[in-house]
Amino acid sequence: MTGYCGVYRDVIEKTPMKPSVLLINPWIHDFAAYDLWYKPLGLLYLASILRRNGINVTFIDFLEDDPAMLFEPNIHMGKRKPDGDGSYAKQKIKKPLALKDIPRNFYRYGLTANILLNRFKKIPRPDAILISAMMTYWYPGLFDTISFVRHVYPGVPVVIGGNYVSLCLEHAAKSGADFLLPGAGEVSVPPLLKELLKIDIQILPDPDDLDSYPYPSFDLLKKPGSLPIMTSWGCPYRCSYCASYLLHPKFQRRNPGHVVDEIEHWYLRYGIRNFSFYDDALLVDSQEMAVPMLKEIIKRNLPLHFHCPNGLHIREVSEEIAMLMHKAGFKTIRFGFETSNLLRQKQTGAKVNNEEFVEAVKNLQKAGYASDDIGIYLLCGLPGQPADEIAESIRYVQSFGARPILAEYSPIPQTTLWPEAVASSPYPIAEEPLFQNNTLLACRSKSLTVETYQELKQRTRRSHS
Ligand code: B12
Ligand code: SF4
């Protein structure tokens, strides 16, 4: 715990006429965290739905940038790049006991308690607090956020949701929150708030029709350098290491024209020129979404940059898609290839094979992408995966003139690969989500030593043959 106990008495307690709900994007506690165009999109969708129903919504982003952080003690300031990605401000903190033997520093990413208290002073006392949780192994930042808001607003109900709650419900019971809501917040939050606040919530989106959703409340973000756009939820594939279908059991899409309308809206309203896509399957069945969407962006002549840090489906990259992506302004392109090993491709879900990879890279090069632009994620540290396989995959990707990027395997509860992950790990990954941190390579085989891993990382930086 940090030194914020007791100071909550300063917080102004105003009671507004309308019910008021505070949404919080919590601290991250981790060895490393980099902001790859990340925004708490789920929370901001919830904000719009609540506002539509006359609820007063306030939002505090614990990860926001603030120049006042310069005057806080022991802070490493974050740096933002022109495209909107960048590093968060961070403060070294004590490692959780479970990680005491890991020889790396541990940090709290985000604003200090001092600065946050000033923010809390400026908002009305909420009737309920909703906090979002993303990575399973980020729960210490969430738990600390909960203790913090409990001190600021004793007696106000705290509700948590998001991926951690959906994937580790039992563990989340230790969080100290009053309500745990796994799954889609837009389905679970309205009935709870109706009951808690004794209010009427009637205007709801249809969870089976993404076009019925309001735009996220991006006006709550402080001067965003970039914004995320969702075109779909879920994925039709079932890769054994992935949680997509657990979080969104149905693959659903918006109308591509509506997506471009939204992009244009944020460009015209706030001058946003950088957009990220978080979709799990943006390019799948490209005639349904990617092709019409890209053509429309080009037709409207929007001077924008798009970033896809979350891995696109490389098998979908036809000559047409590659040209359209390049022309529409897709700047950061990352693809999930994972391995060049045929057997592992088949065992983990067969989302792509080597021929499809080679064809797609050729199409991207032809469209004008340089080798360094074509980022290819390779999974590293899967249960039973020998270091040689990763080395061979790096060589393979480089030999076709693309850039390999290692994605360290994070074991995720409830996925198909989970039982094998639990069996292969020397850590109690099922009892302690901290060991699901990708940094730990918790399921790596014997041949993938720390030195070998460092060496493989070095190889990914070498120039391409
Ligand atoms: C965007 C994203 C990223 C980005 C941004 C992260 C960043 N640090 O900048 C990038 C690409 C960089 C990334 C990286 C990684 N990611 Co990632 N990422 C995602 C992704 C695709 C989308 C999350 C999202 O915003 N969804 C959209 C919004 C609308 O949904 P949402 O916020 O979840 O909100 C909904 C519900 O959760 C709920 N809800 C949300 N908040 C609240 C609050 C309340 C109170 C309630 C009731 C409900 C609720 O309602 C919302 C609406 O339905 C998810 C997959 C997914 N489909 O969720 C993976 C995911 C979270 N990532 C995952 C992984 C494995 C990783 C990596 C480890 C991959 C790797 N090996 O390198 C790294 C780790 C990076 C790090 N340390 O930061 C895993 C989870 C791992 C874990 N153990 O938790 C996921 C689930 C991917 C998967 N398919 O398995 N990631
Ligand atoms: S294709 Fe990608 S998003 Fe879909 S299940 Fe596989 S890894 Fe997950």
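Being a predicted model, the structure only gives us computed values, none of them experimental.

Caption draft 1: Summary view of unusual backbone geometry. Although it is not a glycine, Asn 74 adopts a positive phi angle of roughly 55°. Examined against the element boundaries, Asn 74 turns out to sit in the loop between β4 (56-61) and β5 (86-87). What makes Asn 74 exposed here is its relative accessible area of 66%. Phi is positive for Asn 301, close to 55°, though the residue is something other than glycine. For Asn 301, the location among the structural elements is in the loop between α9 (290-299) and β15 (305-312).

Caption draft 2: Highlighting α9. For α9, every residue scored as buried is listed here: Ala 290, Val 291, Met 293, Leu 294 and Ile 297. Mapping the buried residues of α9 onto a view down its axis gives an arc of 165°, with all of them on the same face. Its buried side turned inward, α9 meets α8 (256-270), β14 (274-277), β15, α10 (319-328) and β16 (330-338). Positive backbone phi, approximately 55°, marks Asn 301, located one or two places after α9.

Caption draft 3: Region of the structure containing a nonpolar patch on the surface. Taken together, the side chains of Leu 70, Phe 71 and Met 77 make up a nonpolar region of the molecular surface, amounting to roughly 370 Å² of accessible area. With respect to the secondary-structure elements, Met 77 resides in the loop between β4 and β5. For Met 77, a relative accessible area of 37% puts it in the partly exposed group.

Caption draft 4: Structural detail: the pattern of salt bridges. This structure, assessed with the given rule, holds 25 salt bridges. One salt bridge in this structure joins Lys 299 and Glu 296, with 3.8 Å as the shortest N-O distance. Placement of both Lys 299 and Glu 296 in helix α9 is noted, with a separation of 3 residues, approximately one turn of the helix. Residue class for Lys 299 comes out exposed when judged on its relative accessible area of 66%. If you follow the salt bridges from partner to partner, you end up with Asp 261, Glu 264, Glu 296, Lys 299 and Arg 300 in one network.

What counts as what
- Residues numbered from 1 in each chain as written.
- Chains lettered and ligands numbered in written order.
- Predicted model: local features only at pLDDT ≥ 70, side-chain atom pairs only at ≥ 80, totals over all residues.
- Heavy atoms only, no water.
- Helix = DSSP H or I, 4+ residues; strand = E, 2+ residues; numbered from the N terminus.
- Buried < 20%, exposed > 50% of the residue type's maximum accessible area, 1.4 Å probe, protein only.
- Arc of directions from axis to C-beta.
- Contact = heavy atoms within 4.5 Å.
- Patch = residues over 30% accessible without salt bridge, like charges linked within 9 Å, V, L, I, M, F, W, Y side chains within 5 Å.
- Areas by Shrake-Rupley, 256 points an atom, 1.4 Å probe, with all protein chains shown as cover.
- Salt bridge = Lys/Arg side-chain N within 4 Å of Asp/Glu carboxyl O.

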